[in-house]
Amino acid sequence: MIPLDSDLILKSLDFENASIPGQKRVERYLADVRGSFADTQAFEAALARGNPLLYAVAGVEPPDGPGQLHYGLGILYPGKIGNEYYLTKGHYHSVRECAEVYIGLKGKGAMLLEDGTTGESRMVSLGEKEVVYVPGNTAHRTVNTGNEPLVYVGVYPSNAGHDYGSIAQNNFRMVIVEEGGKPVMKPRST
Ligand code: PAN
Ligand code: ZN
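Residues numbered from 1 in each chain as written. Chains lettered and ligands numbered in written order. Predicted model: local features only at pLDDT ≥ 70, side-chain atom pairs only at ≥ 80, totals over all residues. Heavy atoms only, no water.

Enquirer: Any chance you could explain the sheet that holds strand β11 (residues 138-144) here in plain terms?
Expert: Adjacent strands of a sheet form backbone hydrogen bonds with each other and so pair up, either parallel or antiparallel. Taken in spatial order, the 3 strands line up as β9-β8-β11 in an open sheet, and their pairing is antiparallel. Since the sheet does not close on itself, it has two edges, and those belong to β9 (121-127) and β11, each with one partner. Along the sheet, successive strands turn relative to each other by an average axial angle of 25 degrees, direction set aside. Relative to β9, strand β8 (residues 108-115) is paired through 7 bridges, and the arrangement is antiparallel. Of the residues in β9, the one forming a bridge with Leu-113 is Arg-122. (Pairing = 2+ DSSP bridges. Helix = DSSP H or I, 4+ residues; strand = E, 2+ residues; numbered from the N terminus. Axes fitted to C-alpha atoms, helices over the stretch in contact; angles between N-to-C directions.)

Structure representation (structure tokens):
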């Protein structure tokens, strides 16, 4: 349990670079998401031009325990590889049944959700004042569909864990691309 005088009780969020004072911050650059984008040629061409920061997550992870929560503040920068929006790696939770709540704070984006049993996919808007409930057993990836950084918080059970392996191996079945100026979800192969 966390005592009420713990400095974990209140955190202030720095939207500019998604940092939370005193907390670890993970950065993912273009090179770190190799294999995620559908257009590998466009990916390699972009990487040859530079290795920009795609996103960063500052995590608040109080000690694990029954009923405890973790959360992360994410910032995902705008951009595209080919016509596919900048994205997070995406993952299942290691404890598959663990759900998550995403709260959009700033910018415009979407979440790509994929049911781990049926493979059914769904694109859900994630922007300012929007809250997305990610059910358990659902792979989730975030994309930035706007022109400014997308800032959000994700809250999940402390024992959820992150399983990147399944996505790294098979990727998501669908991609979120720009078509006619707006985000569209399409099968990866076409
Ligand atoms: C989020 C994600 C964050 C970064 O905090 O970890 O959006 O995405 P990847 O972890 O897929 O790189 C979350 O879903 N936590 O469970
Ligand atoms: Zn998650």
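Enquirer: Would you mind showing me how to read the coordination of the zinc ion (ligand 2) here?
Expert: When a metal holds four donors in a tetrahedron, each ideal angle between them is 109.5 degrees; when it holds six in an octahedron, the ideal angles are 90 or 180 degrees. All of the protein donors around the zinc ion (ligand 2) are His-91 (NE2), His-93 (NE2), Glu-100 (OE) and His-140 (NE2); their distances to the metal are 2.1 to 2.3 Å. Taken together, the 6 donor atoms coordinating the zinc ion (ligand 2) and their angles of 76 to 174 degrees define a geometry best described as octahedral. Taken in chain order, the donor set of the zinc ion (ligand 2) reads H-x1-H-x6-E-x39-H. Looking at His-93, the relative accessible area reads 3%, which means it is buried. Its relative accessible area of 5% is what places Glu-100 among the buried residues. (Donors = N, O, S within 2.8 Å, 3.2 Å for Na, K, Ca; no water. Tetrahedral: all angles 85-135°; square planar, octahedral: opposite > 155°, others 65-115°. Buried < 20%, exposed > 50% of the residue type's maximum accessible area, 1.4 Å probe, protein only.)

Enquirer: Is there a simple way to explain the sheet that holds strand β3 (residues 69-76) in this structure?
Expert: Overall, antiparallel pairing links the 6 strands, which are arranged β1-β2-β3-β12-β7-β10 in an open sheet. Two strands bound the open sheet, and with one partner strand each, they are β1 (25-29) and β10 (131-134). Each strand axis lies, on average, 20 degrees off the axis of its neighbour in the sheet, ignoring direction. Pairing geometry for β3 and strand β12 (residues 150-157), over 8 bridges, is antiparallel. Counterpart to Gly-72 in the pairing with β12 is Gly-154.

Enquirer: Explanation requested: the side chain of Ser-158 in the structure shown.
Expert: Its place among the elements puts Ser-158 in the loop between β12 and β13 (162-163). Looking at Ser-158, its side chain comes within polar contact range of the main-chain nitrogen of Gly-65, at 3.4 Å. (Polar contact = N/O pair within 3.5 Å; in protein donor to acceptor, adjacent residues only side chain to side chain.)

Enquirer: Explain the pairing of β11 to me, please; I cannot follow it from the model alone.
Expert: On a regular strand, one side chain projects to one face of the sheet and the next to the other, so that they alternate. Where burial is concerned, most of β11 is hidden: 7 out of the 7 residues are buried. Of the two faces of β11, the one lined by Thr-138, His-140, Thr-142 and Asn-144 and the one lined by Ala-139, Arg-141 and Val-143 are each fully buried.

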